[in-house]
Amino acid sequence: MIIGVPKEIKNNENRVALTPAGVAELRKTGHTVYVQASAGEGSGFTDEEYTRAGATLLPTIEEVYGIAEMIVKVKEPIAPEYNLIKENQLLFTYFHFASSEDLTRAMIERKAVCLAYETVEKADRSLPLLVPMSEVAGRMAVQQGAKYLEKPMKGRGILLGGVPGVKPANVLILGGGIVGTQAAKMAAGLGSHVTIMDVSLPRLRYLSDIMPPNVVTEMSNEYNIREAVKTADLIVGAVLIPGAKAPHLITRDMLKTMRPGTVLVDVAVDQGGCIETCTPTTHENPTYIIDDVVHYCVANMPGAVPYTSTLALTNATLPYAIQLANKGWQQACRDNNELLLGLNVVNGKVVYKGVADAFGLADFIQQTLGAEALLPRPFYRYSSNSPCHSSSRDPVNTGALARRYQ
Ligand SMILES: NC(=O)c1ccc[n+]([C@@H]2O[C@H](COP(=O)([O-])OP(=O)(O)OC[C@H]3O[C@@H](n4cnc5c(N)ncnc54)[C@H](O)[C@@H]3O)[C@@H](O)[C@H]2O)c1
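- As named in an unreviewed UniProt entry, the chain is Alanine dehydrogenase, taken from Nibrella saemangeumensis.
- Heading Catalytic activity (unreviewed entry) of the UniProt record for the chain holds this comment: "L-alanine + NAD(+) + H2O = pyruvate + NH4(+) + NADH + H(+)".
- UniProt, in its Sequence similarities (unreviewed entry) section for the chain, records the words "Belongs to the AlaDH/PNT family."

Put into structure tokens, the structure is as follows:
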């Protein structure tokens, strides 16, 4: 297959979709890889490294889109790229369609095949291409928190780990999922006293088993949070209720009970934030202060560490990209339900219910699910009154797809 890697042109996006090592893997399996000149620059990979790995460099983005059967990207295409996309061209990237009707309509119009990183889903419902960015953000949360706790940054002037004879900082982590776990590991490693709160008792049991002795777990409820914020130095917001806005676990009135210079890092800002006073900030201007409490609410934290983020992302995406290249998207989706769930728009039709619902495109999904021509043999079976129902006689397991629709 002919694979194209354009340079990301979204503002402040420094990641790249394939590393030189990824190019070498694809070349080994007989594919041709075209990389736009300087595409890897922001992540620290030179054109020469790509050439050595077997890529052919192309000077312009137009040439990359013009030649490739599969485009591998990081961020969704933006307006100047829309007209470069060809009918039947496979795009493998983050799309987040539900947040942009313009993008959705553009992809429908271009009749592309859009396989979205964020909806590739494993049988246990985990999202393997979102996890790496949560891992990065969780670890970064503590790094940023440590920095903003310094006095010149308007923090309390406390060192996370303390020193012999001086007690360490208290770190409170709300949510013990991917972000929370990574944050806890970092904070504990630096010697802080860490409390993780979650609403899931099984999760708290697990964390209690695996975490070092300077990490304690506590049930997340308003009473416990109100008490804990009074003595916390750094608070990391890491909750997620899938498909919903984050709940405001820290309310405005609680700020007054915190010590001046306390730092809040609300990683959940991309879901609205779990701190009532959180509004999204950027890497250029990451913090603001309310009631003497420092707020850090950057919505794309991994963007600040593109080298690590690129490697973390491509470690997760490459195995899927290889399957798509080796088999073509149709066969790869038939063979692997995780990839099948990544399909969002196919040849002018929305095939992902969340996206269809977001823009009132229900007719598209019904048409498409009925259109077995999409794939050479039927892989969706559903009752006539519900496109969401999967039958136990499905030729492939559509269980995850059906659950997604509930
Ligand atoms: N800002 C960024 O750059 C960035 C980067 C990556 C992820 N994120 C965001 O970070 C958030 C967390 O992501 P994740 O991958 O860790 O999710 P996750 O699903 O792995 O973990 C979320 C955890 O929150 C817990 N939770 C739910 N309600 C709670 C409550 N009331 N109190 C305490 N815990 C509660 C859940 O039980 C779960 O353990 C998401 O909103 C995600 O989008 C942001």
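1. A closer look at the overall build of the chain
Now for step 1: Counting secondary structure elements, the chain contains 15 helices and 15 strands.
Now for step 2: Sorting the 406 residues of the chain into buried and exposed places 45% on the buried side.
Now for step 3: Taking as baseline every contact in the chain between residues at least 6 positions apart, the subset at least 24 positions apart corresponds to 62%.

2. Remarks on the site of the ligand
Now for step 1: Surveying the vicinity of the ligand reveals 31 residues, the closest of which are Ser134, Ala137, Gly175, Gly177 and Ser220.
Now for step 2: Looking at the shell around the ligand, the elements that each hand over two or more residues are helix 6 (131–148), helix 7 (178–189) and strand 8 (193–198).
Now for step 3: Grouping the constituent residues of the shell around the ligand by class yields 19 nonpolar, nine polar and three charged.

3. Details of the packing of helix 6 against helix 7
Packed helix pairs are specified by the crossing angle of their axes together with the interaxial distance, meaning the distance between the axes.
Now for step 1: Remark: helix 6 packs on helix 7, axes separated minimally by 7 Å, with the N-to-C direction vectors making an angle of 40°. Crossing of helix 6 over helix 7 shows right-handed handedness. Across from Val131, Ser134, Glu135, Ala137, Gly138, Arg139, Ala141, Val142 and Gln143 in helix 6, the residues of helix 7 making contact are Ile178, Val179, Gly180, Thr181, Gln182, Ala183, Met186 and Ala187.
Now for step 2: Per-class residue counts for the contact of helix 6 with helix 7 are nine nonpolar, six polar and two charged.

4. Notes on the sheet that holds strand 7 (residues 170–174)
Now for step 1: Taking strand neighbours across the sheet as the criterion, the seven strands line up as 9-8-7-10-11-13-12 in an open arrangement whose pairing is mixed. The open sheet has two edge strands with one neighbour each: strand 9 (215–219) and strand 12 (287–290). Pairs of neighbouring strands in the sheet enclose a mean axial angle of 20°, with direction left out of account.
Now for step 2: As judged from the four bridges shared by strand 7 and strand 10 (residues 234–237), these two strands associate in the parallel manner. Within strand 10, the residue paired with Val171 across the bridge is Leu234.
Now for step 3: On the sheet, helix 7 packs against strand 7, strand 8, strand 9 and strand 10 and is oriented at approximately 170° with respect to strand 8.
Now for step 4: In the packing of helix 9 (residues 222–229) onto the sheet, contacts are made with strand 7, strand 8, strand 9 and strand 10, and the angle to strand 8 comes to roughly 160°.

5. Let's talk about the confidence of the model for the chain
Now for step 1: Overall, the prediction assigns the chain a mean pLDDT of 89, with 89% of residues at 70 or greater.
Now for step 2: Within the model, the stretch residues 369–373 combines pLDDT values under 50 with four contacts to residues more than four positions away or in other chains.
Now for step 3: Across residues 376–406 the pLDDT falls below 50, and counting only partners more than four positions away or on other chains, this stretch makes 42 contacts in the model.

6. Regarding the packing of helix 6 against helix 11 (residues 306–335)
Now for step 1: Interaxial distance between helix 6 and helix 11 falls to 8 Å at its minimum, and their mutual angle equals 150°. Comparing the axis directions of helix 6 and helix 11 gives the class roughly antiparallel. For the crossing formed where helix 6 meets helix 11, the hand is right-handed. On helix 11, the residues that touch Pro132, Met133, Glu135 and Val136 of helix 6 are Thr308, Ser309, Ala312, Leu313, Asn315 and Ala316.
Now for step 2: For the contact of helix 6 with helix 11, the residue count by class is six nonpolar, three polar and one charged.

7. Quick look at unusual backbone geometry
Now for step 1: Residue Arg125 is not a glycine yet carries a positive backbone phi of 80°.
Now for step 2: Of note, Arg125 is situated in the loop between strand 6 (113–116) and helix 6.
Now for step 3: On the neighbour-count criterion, Arg125 (10 C-beta atoms within 10 Å) is exposed.
Now for step 4: Here the phi dihedral of Lys154 falls at roughly 80°; this positive angle occurs in a residue that is not glycine.
Now for step 5: Of note, Lys154 is situated in the loop between helix 6 and strand 7.

8. What about the nonpolar core?
Now for step 1: Among the nonpolar cores identified, the biggest contains 115 residues, and Val5, Leu115, Ile173, Ala183, Val236 and Val267 are the most heavily contacted of them.
Now for step 2: Looking at this core, you find at least three residues from each of domain 1 (2–119 + 306–404) and domain 2 (133–304).
Now for step 3: Once residues within four sequence positions are removed from consideration, Val5 is found in contact with Val16, Ala17, Leu18, Val33, Val35, Gln36, Ala39, Val64 and Val72.

9. Considerations on helix 7
For an α-helix, 3.6 residues make a turn, and residues three or four places apart therefore share a direction.
Now for step 1: Between its first and last C-alpha atoms helix 7 spans 17 Å; for 12 residues at 1.5 Å apiece the expected length is 16 Å, and the two agree.
Now for step 2: Most of helix 7 is tucked away, with 10 of its 12 residues classed as buried.
Now for step 3: Looking only at helix 7, the buried set comprises Ile178, Val179, Gly180, Thr181, Gln182, Ala183, Ala184, Met186, Ala187 and Ala188.
Now for step 4: Taken together, the buried residues of helix 7 touch helix 6, strand 7, strand 8, helix 8 (201–210), strand 9 and strand 10.

10. Digging into the sheet that holds strand 6
Now for step 1: With mixed pairing, eight strands are arranged side by side in an open sheet as 3-2-1-4-5-6-14-15. A strand with exactly one partner marks an edge of an open sheet, and here the two such strands are strand 3 (56–58) and strand 15 (349–350).
Now for step 2: In this structure, strand 6 lies alongside strand 14 (residues 343–346), joined through three bridges in antiparallel fashion. If you follow Val113 over to strand 14, its bridge partner there is Val346.
Now for step 3: The sheet contacts of helix 11 involve strand 1 (2–5), strand 4 (70–72), strand 5 (90–93), strand 6 and strand 14, and relative to strand 5 the element is tilted by about 120°.

11. Here we look at the pairing of strand 8
Now for step 1: Most of strand 8 is tucked away, with six of its six residues classed as buried.
Now for step 2: Neither face of strand 8 is open: one carries His193, Thr195 and Met197, the other Val194, Ile196 and Asp198, and all of them are buried.
Now for step 3: Summarising the sheet, strand 7 and strand 8 pair through five bridges and their orientation is parallel. Across the sheet, Val171 pairs through a bridge with Val194, a residue of strand 8.

Conventions we followed
- Residues numbered from 1 in each chain as written.
- Predicted model: local features only at pLDDT ≥ 70, side-chain atom pairs only at ≥ 80, totals over all residues.
- UniProt positions renumbered as here; feature names shortened; annotations may be inferred.
- Helix = DSSP H or I, 4+ residues; strand = E, 2+ residues; numbered from the N terminus.
- Buried ≥ 20, exposed ≤ 12 C-beta atoms within 10 Å, placed from the backbone.
- Contact = placed C-beta atoms within 7 Å.
- Near = placed C-beta within 6 Å.
- Nonpolar A, V, L, I, M, F, W, Y, C, P; charged D, E, K, R; others polar.
- Axes fitted to C-alpha atoms, helices over the stretch in contact; angles between N-to-C directions.
- Left-handed = near helix turned anticlockwise from the far one by under 90°.
- Pairing = 2+ DSSP bridges.
- pLDDT = per-residue confidence, 0-100.
- Parallel < 35°, antiparallel > 145°, perpendicular 65-115°, else oblique.
- Core = buried A, V, L, I, M, F, W, Y, C linked by C-beta atoms within 7 Å.
- Domains from an automatic or database assignment.
- Expected span 1.5 Å × (residues − 1).

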